[in-house]
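# Structural overview
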Amino acid sequence: MTEIPQERRLVTAIPGPKSVELQDRRLAAVAAGVGSTLPVFTARAGGGIIEDVDGNRLIDFGSGIAVTSVGASAEAVVRRASAQLADFTHTCFMVTPYEGYVEVCERLAELTPGDHAKKSALFNSGAEAVENAVKIARAYTKRTAVVVFDHGYHGRTNLTMALTAKNMPYKHGFGPFAPEVYRVPVAYGYRWPTGAENAGAEASAQAIDQITKQIGAENVAAVIIEPVLGEGGFIEPAKGFLPAIARFAKDNGIVFVADEIQSGFCRTGQWFACEDEGIVPDLITTAKGIAGGLPLSAVTGRAEIMDAAHAGGLGGTYGGNPVACAGALGAIETMRELDLNKKAKRIEEVMKGRLEGMRAKLPNGGLIGDIRGRGAMIAIELVKPGTKDPNPEAATRLAKACHAEGVLVLTCGTYGNVLRFLPPLVIGEDLLGEGLDVLEGAFAGI
C-alpha cells in the first residue's frame, strides 16, 4: 500500500482536464439522478487526503459522508479485507455462515450502550438497517405506527423516504410513501421560538403530546431519532429532549431506536452519540463508519427484541458480506489502537476554536449564525447577517471557494444553509489547520 503524502497540492484547476474528460464519460453513462458534490475523480485516498486523476491532492473534510473515519485506506482494513478476499468473497450467511459475521456481532454487543444481552443482524446500507429496525420493532410490539422527527434523515428507500423529513432532493416526485409514519417536533435549539434554553423541555412536551393525542402511544411500535441529526443540519437536540423521549418510550412499551448511522463509531468523540446523555437505546442502527469504506450496516439491540422476528424474516443476499465484515473488524481495531474518540475530541477543540475566531473577527462573520456539533461532526449554520434567515447561497459560495482551493467540504440542512465538516479522525492537525485556513480565506472573499 503506497502512502499518500499528507499535503494539499494543486497542479491544475479544480476539476482538472482528466476529471473533465471522465465527467463527460460519466454524463453519457451514469443516470442523471446520481449527483456529485464535486466532479473530481479520485485516484487514491488516505489519511486526510484525496488525490485525483490529475495529481491534485485535496484536504478531505467529508470522509465520504462520515464513512472513512479511519481513513480511506487504513492498514488494518486493507490487511483484513485483502486476506478475506483471498479466502472467499461470498457464500451468503443465510446459506453457509462464517466467523467474521459472528465476530462483528460480538464486537457490536461490546461497544454499543448498555450491559443487557444484545444481538445483531447485518445488512448493506444505512437505509436497509433502518427498514429492518422497523420490521423488528413491529414484530416485537405487534404495533404498526412509527414516529420520527422534524429535520430527520433516514434513507432513500420507500419506507425510509417516508421517515425522512426533507422533500428535495430525497423525496420529491417519488411518492406515494409507506403509511403509518408520523412526524413530531425536535428540539432545534438555534431555531426554537422561545430560545435554546427552553427547547429541550418544550419540544419533548410537544412531541409527546402529539404522539399521545394524534397517534395513541399504544399504537406506536418505534420512535426513531438521530442523536445528532445529520442531513438535517448537524442538529444536537437540546439537553433533556432525548432522555424525555426515551423515558416516554419505555413507559409506553415503545421501541426506542437510535439512528447512529452518521454519528456512530467515534465520530462525536464517543463510540455512539447517544452516550452523551446516557441514553441506552432498545435498538441502534449503524453503517457509514463501521467498515472503513466497505458496505456494511447493522441493527443491534436487546436480545429479546432482536429475536422477535421469525427465522428467515431478516436477511438479504449480501448482508454481512465476509469482506465487509473483515473491513469492520479492521476499522474497530484501528479505532481502539489509535483512540479515535480522543482524536475526535481534539478535532472538535481545534475546529470550534478556529470557527469562533472567524465569527468574531471577520467583517462578514455575521453570516455564521450557529456553530455546533461534537467531535469531528461540526457544522456552521449560515444566515443573512443580523437575522436568522437561512442563507443557502452563502453555503454554496463558501463550498465552491473551498473546492477551488483544494478543500472538500459538504453542505446540508433542511434549508440548505449548513456547511458541515466530517474530517477523517486520523487527519493530521497541520492538515486540519490548513483546511481551516482555506475556509477563513473563503469567508474573506465572499
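This text goes with the structure placed above it.
Residues numbered from 1 in each chain as written. Predicted model: local features only at pLDDT ≥ 70, side-chain atom pairs only at ≥ 80, totals over all residues. Heavy atoms only, no water.

Keep in mind that most residues, glycine aside, have a negative phi and that most peptide bonds are trans. Cis geometry is adopted by the peptide bond preceding Pro 15, which originates at Ile 14 and carries an omega value of 0°. Cis geometry is adopted by the peptide bond preceding Pro 176, which originates at Gly 175 and carries an omega value of 5°. Residue position: Pro 176 is located in the loop between helix H6 (158-163) and strand E6 (181-184). In the Ramachandran plot, Lys 142 falls in the positive-phi region, its phi being about 60° despite a non-glycine side chain. Here Lys 142 shows up in the loop between helix H5 (126-141) and strand E5 (145-149). (Helix = DSSP H or I, 4+ residues; strand = E, 2+ residues; numbered from the N terminus.)

In this structure the tally under the stated criterion is 27 salt bridges. The shortest N-O distance in the salt bridge between Arg 346 and Glu 429 comes to 2.6 Å. Here Arg 346 is found in helix H11 (residues 340-361), whereas its partner Glu 429 is found in helix H13 (residues 429-445), with 83 residues between them in sequence. Sharing partners across several salt bridges, the network here consists of Glu 7, Arg 44, Glu 51 and Arg 57. (Salt bridge = Lys/Arg side-chain N within 4 Å of Asp/Glu carboxyl O.)

With that settled, consider the packing of helix H4 (residues 99-111) against helix H10 (residues 322-337). Interaxial distance between H4 and H10 falls to 9 Å at its minimum, and their mutual angle equals 35°. The hand of the H4/H10 crossing is left-handed. Of the residues in H10, those touching H4 at Gly 100, Tyr 101, Glu 103, Val 104, Arg 107, Glu 110 and Leu 111 are Cys 325, Ala 328, Leu 329, Ile 332 and Arg 336. For the contact of H4 with H10, the per-class residue count stands at 7 nonpolar, 1 polar and 4 charged. (Axes fitted to C-alpha atoms, helices over the stretch in contact; angles between N-to-C directions. Left-handed = near helix turned anticlockwise from the far one by under 90°. Contact = heavy atoms within 4.5 Å. Nonpolar A, V, L, I, M, F, W, Y, C, P; charged D, E, K, R; others polar.)

Phe 61, Phe 421 and Phe 443 are the most contacted members of the largest nonpolar core, which totals 121 residues. Beyond its immediate sequence surroundings of up to four residues, Phe 61 is in contact with Met 351, Val 407, Leu 408, Val 409, Arg 420, Phe 421, Leu 422, Pro 423, Ile 427, Leu 432, Gly 435 and Leu 436. (Core = buried A, V, L, I, M, F, W, Y, C linked by side-chain atoms within 4.5 Å. Buried < 20%, exposed > 50% of the residue type's maximum accessible area, 1.4 Å probe, protein only.)

This next bit is on the sheet that holds strand E7 (residues 220-225). The sheet built from 7 strands is open, its strands ordered E4-E10-E9-E8-E7-E5-E6 with mixed pairing. Both outer strands of the open sheet, strand E4 (118-123) and E6, are each paired with one neighbouring strand and no more. Between one strand and the next, the sheet's axes are offset by a mean angle of 20°, whatever the strand orientation. Both E5 and E7 contribute to a ladder of 3 bridges, which runs parallel. Its bridge partner lying in E7, Val 147 is registered against Val 223. Here H4 sits on the sheet and contacts E4, strand E9 (283-286) and strand E10 (297-302); the angle it forms with E4, its principal contact strand, is near 130°. (Pairing = 2+ DSSP bridges.)

Helix length check: helix H1 (residues 17-29), at 13 residues, gives a terminal C-alpha distance of 19 Å against a target of 18 Å (1.5 Å per residue), a fit within 8%. All of the buried residues along H1 are Ser 19, Gln 23 and Arg 26. Buried residues along H1 cover an arc of 60° about the axis, so they all sit on one side. Relative to its buried face, H1 has exposed residues pointing more than 90 degrees away, namely Pro 17, Glu 21, Arg 25, Ala 28 and Ala 29. Residues of H1 that are buried sit in contact with strand E2 (49-52). (Expected span 1.5 Å × (residues − 1). Arc of directions from axis to C-beta.)

Bridge count for E5 against E6 is 4 bridges, and the pairing is parallel. Residue pairing for E6: Val 146 is matched across the bridge by Val 181. Remark: the E5/H6/E6 crossover connection has right-handed handedness. (Right-handed = clockwise from strand over helix to strand, strands pointing away.)

Under the counting rule described, the total for this entry stands at 9 aromatic pairs. Here Phe 88 and Tyr 98 contribute two aromatic rings whose centre-to-centre distance is 5.8 Å and whose plane-to-plane angle is 65°, an arrangement assigned as edge-to-face. One end of the pair, Phe 88, is in the loop between helix H3 (75-87) and H4; the other, Tyr 98, is in the loop between H3 and H4, and 10 residues separate them in sequence. Judged by its relative accessible area of 8%, Tyr 98 falls in the buried class. Taken together, Phe 88, Phe 93, Tyr 98 and Tyr 101 form an aromatic cluster joined through their ring pairs. Its end group placed over the ring of Tyr 190, Lys 388 keeps NZ or CZ at 4.4 Å from the ring centre. (Phe/Tyr/Trp six-rings, centres within 6.5 Å; stacked < 30°, edge-to-face > 60°. Lys NZ or Arg CZ within 6 Å of the ring centre and 35° of its normal.)

As a further point, take the sheet that holds strand E1 (residues 42-46). Across the sheet, which stays open at both edges, the 4 strands sit in the order E1-E2-E3-E13 with mixed pairing between neighbours. The sheet terminates laterally at E1 and strand E13 (407-408), the two strands that pair on one side only. In this fold H13 packs onto E2, strand E3 (57-60) and E13, with an angle of close to 95° to the strand it touches most, E3.

Turning our eyes to something else, we now look at the environment of Val 299. Relative to the helices and strands, Val 299 is located in strand E10. Taking C-alpha positions, Val 299 is 40 Å from Val 20, a pair spaced 279 residues apart along the chain. For Val 299, the residues in contact, after removing those within four places along its chain, are Lys 119, Ser 120, Ala 121, Phe 123, Ala 129, Asn 132, Ala 133, Ile 136, Leu 283, Ile 284, Thr 285 and Met 306.

The next point concerns H3. The terminal C-alpha atoms of H3, which comprises 13 residues, lie 19 Å apart, in line with the 18 Å expected from a rise of 1.5 Å per residue. Along H3, the residues that are buried comprise Ala 76, Val 77, Ala 81 and Gln 84. When H3 is viewed along its axis, its buried side chains cluster within an angular range of 110° and face the same direction. Structurally, H3 contributes buried residues whose contacts are with H10.

Per the stated rule, a full pass over the model turns up 0 disulfides. For the unlinked cysteine Cys 266, the closest cysteine sulfur is that of Cys 274, found at 13 Å. (Disulfide = S-S within 2.5 Å.)

What follows is about the side chain of Arg 26. Positionally, Arg 26 belongs in helix H1. At 2.7 Å, the side chain of Arg 26 forms a polar contact with the side chain of Ser 36. With near-sequence residues (within four places) excluded, Arg 26 lies in contact with Val 34, Gly 35, Ser 36 and Phe 41. (Polar contact = N/O pair within 3.5 Å; in protein donor to acceptor, adjacent residues only side chain to side chain.)

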